[in-house]
Structure formats: C-alpha cells, structure tokens
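Summary of the model geometry
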Amino acid sequence: MMKRKIVVAITGASGAIYAQLLLKKLQQLNSQIAEVGIVMSDNAKQVWEFELDNTDYNNIPYKFYEKNNFMAPFASGSARFDTMVIIPCSMGTLGRIASGVSDDLICRAADVILKERRKLILVARDMPLNLIHIRNMQTVTEAGGIICPAVPSFYSKPQTIEDVAMTVVNRVIDLIGLENESYRWSETLNS
C-alpha cells in the first residue's frame, strides 16, 4: 500500500471534535502515512478551544502551517500531497473553493488538489443548507471533490458523543483510503 501524504485543514465551523478525532486516528494509523501537514484558520482555534475546552491542537505531532504561508509544500502540486481533508469545512471555505478563490493556504491547497486530480474531502458542517451552499457543493463535486457531510450514523449504537463523531471520522478514513478497524454494516446483519 502506498503511504499517504495528507493535508488536514480545520476551519471555524462548529465540529472541532471531528478534527480532534481525525488527528488522533491518523496518529494511530501512522504506518500508512508518509506525511501530514496541518493548517488551521484563526476561527478554528477559537472554536476548538470553546467547544473542547482545551488547546490540544498544540500537542499534535504533525507540522502546522500558518494560514497565509504559501511556501507550505502543499501549496504546489509538485509536493505530491495526494489527499486533503477539510474538517470541519465551513460554508465560507466551501464557497471560496467552489469559486476558485485561493486567498489563504486552505483554499490554495484545495485548488492544487483539484487541479492535480487528487482527493479533496470536504466535511461540510452546517445546516440547513441554502441554494448557494448546494450549488457550491455541486461545483466542487463536479470538479472532483467529495462532499462528506458531518452526518453521523447510529447503526453501530454509539454510546458517547465521541462514538457518534467517530462514525463520521471513520467514513473520512475510508475515503482517504486507509486501512481501519471500524464498524461495518454487513458484519452485524450477517452474524
């Protein structure tokens, strides 16, 4: 299996728990990963601290890049990052990506991933959706991106808020293409 080079971008949408759990899971799956680069918006840090009551993003062992650092390797296709996950993805970020506005490192990296025909996963976290959101999702999908709404599943019978959020993160891990032990629908139905 090819080791993945992954960009994780965290925006200021509600749902910092998804980013926290994804980063923890990537550490557990480290043998399948060549490199992880992280970029957080200023709002993402504020939302993380408010929702999770911590600054644990400071303890993640991956390299962080400032949101305006266009010298980050994944600001260019030549660095060959193969996957980008924006988790959670705000509607503003989605709109800028759909419009081709590369005004910060998150949007620039997403633009690079799309132009190189690599995997862009947007974990959209907002509701209800207006027509502008839906059209932006359509545009990104038509450009090759994957819209993965932060909609948990319940057939695994999650017991905690972390278990509920992990149902979304496990889907993201599957979309990245990493091998991962998680609940599979058919396992329960066929046993």
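**Description of the sheet that holds strand β3 (residues 63–65)**
One key point about sheets: their strands pair by backbone hydrogen bonds, in either a parallel or an antiparallel sense. Spatially, β3-β2-β1-β4-β5-β6 is the arrangement adopted by the six strands of the open sheet, whose pairing is parallel. Here the strands that pair on one side only, and so sit at the sheet edges, are β3 and β6 (146–147). With four bridges connecting them, strand β1 (residues 4–10) and strand β4 (residues 83–89) associate as parallel partners. In the strand pairing of β4, V8 is matched with V85. Against the sheet, helix α2 (residues 42–52) contacts β1 and β2 (33–40), and its axis sits at roughly 90° relative to β2. Strands in contact with helix α3 (residues 91–99) are β4, β5 (119–124) and β6; relative to β4, the strand with the most contacts, it is inclined by about 140°.

**Some words on helix α5 (residues 131–142)**
For α5, spanning 12 residues, the distance from its first C-alpha to its last is 16 Å, which sits close to the expected 16 Å at 1.5 Å a residue. Looking at the buried side of α5, the elements it contacts are α3, β5 and β6. You can read the cap of α5 off the contacts: a side-chain oxygen lies 2.8 Å from the backbone nitrogen of I132, and it is on N130. Downstream of α5 by a residue or two, G144 has a phi angle that is positive, lying close to 110°.

**Observations regarding the packing of helix α1 (residues 16–28) against helix α6 (residues 161–176)**
Relative to each other, α1 and α6 sit at 60°, their axes nearing to 9 Å. Between α1 and α6, the crossing angle belongs to the class labelled oblique. Once α1 is placed against α6, the crossing between them reads as right-handed. On the side of α1, the interface is formed by I17, Y18, L21, L22, K25 and L26, while α6 contributes I161, E162, A165, M166, V168, V169, N170, V172 and I173. Tallied by class, the residues present in the contact of α1 with α6 amount to 12 nonpolar, one polar and two charged.

**Structural notes on unusual backbone geometry**
Between I87 and P88 the backbone carries a cis peptide bond, its omega angle lying at -15°. Looking at where P88 falls in the secondary structure, it is placed in strand β4. Note the cis peptide between M127 and P128, where omega equals -5°. With respect to the helices, strands and loops of the structure, P128 is situated in the loop between β5 and α5. Phi at R80 is positive, roughly 60°, even though this residue is not glycine. With respect to the element layout, R80 can be found in the loop between β3 and β4. The exposed category is assigned to R80, whose relative accessible area is 60%. The phi torsion at R117 lies on the positive side, around 60°, for a residue other than glycine.

Rules behind the numbers
- In this convention, every chain numbers its residues from 1, walking through the sequence in written order.
- The model is predicted, so local features are restricted to residues of pLDDT at least 70 and side-chain atom pairs to those at 80 or more, both for listing and for counting; the totals for chains, interfaces and linings are taken over all residues.
- Side-chain descriptors were evaluated using all non-hydrogen atoms of the structure, hydrogens and water having been removed beforehand.
- Strand pairing follows a simple DSSP-based rule, namely that at least 2 bridges must link the two strands.
- By the criteria applied, helices consist of DSSP H or I runs no shorter than four residues and strands consist of E runs no shorter than two, each listed in order from the N terminus.
- Residues are treated as being in contact if the distance between any of their heavy atoms lies within 4.5 Å.
- With axes taken as lines fitted to C-alpha atoms, and helix axes fitted only over the stretch in contact, angles between N-to-C directions fall between 0 and 180 degrees.
- To estimate how far a helix should extend, the number of its residues minus one is multiplied by 1.5 Å.
- Counting of polar contacts relies on pairs of N or O atoms within 3.5 Å, with two restrictions inside protein: one atom must be capable of donating a hydrogen and the other of accepting it, and residues adjacent in sequence are counted only when both atoms are side-chain atoms.
- Working definition: roughly parallel below 35 degrees, roughly antiparallel above 145 degrees, roughly perpendicular at 65 to 115 degrees, and oblique for all remaining angles.
- Here is the rule for handedness: rotate from the far helix to the near one, and if that takes an anticlockwise turn smaller than a right angle the crossing is left-handed, while a clockwise turn gives right-handed.
- Each residue gets one of three labels, nonpolar for Ala, Val, Leu, Ile, Met, Phe, Trp, Tyr, Cys and Pro, charged for Asp, Glu, Lys and Arg, and polar for the others, Gly among them.
- Three labels apply to residues, based on accessible area from a 1.4 Å probe with only protein chains included: buried if under 20% of the type maximum, exposed if over 50%, partly exposed otherwise in between.

Everything listed here is a matter of coordinates, which is why it stays silent on function.
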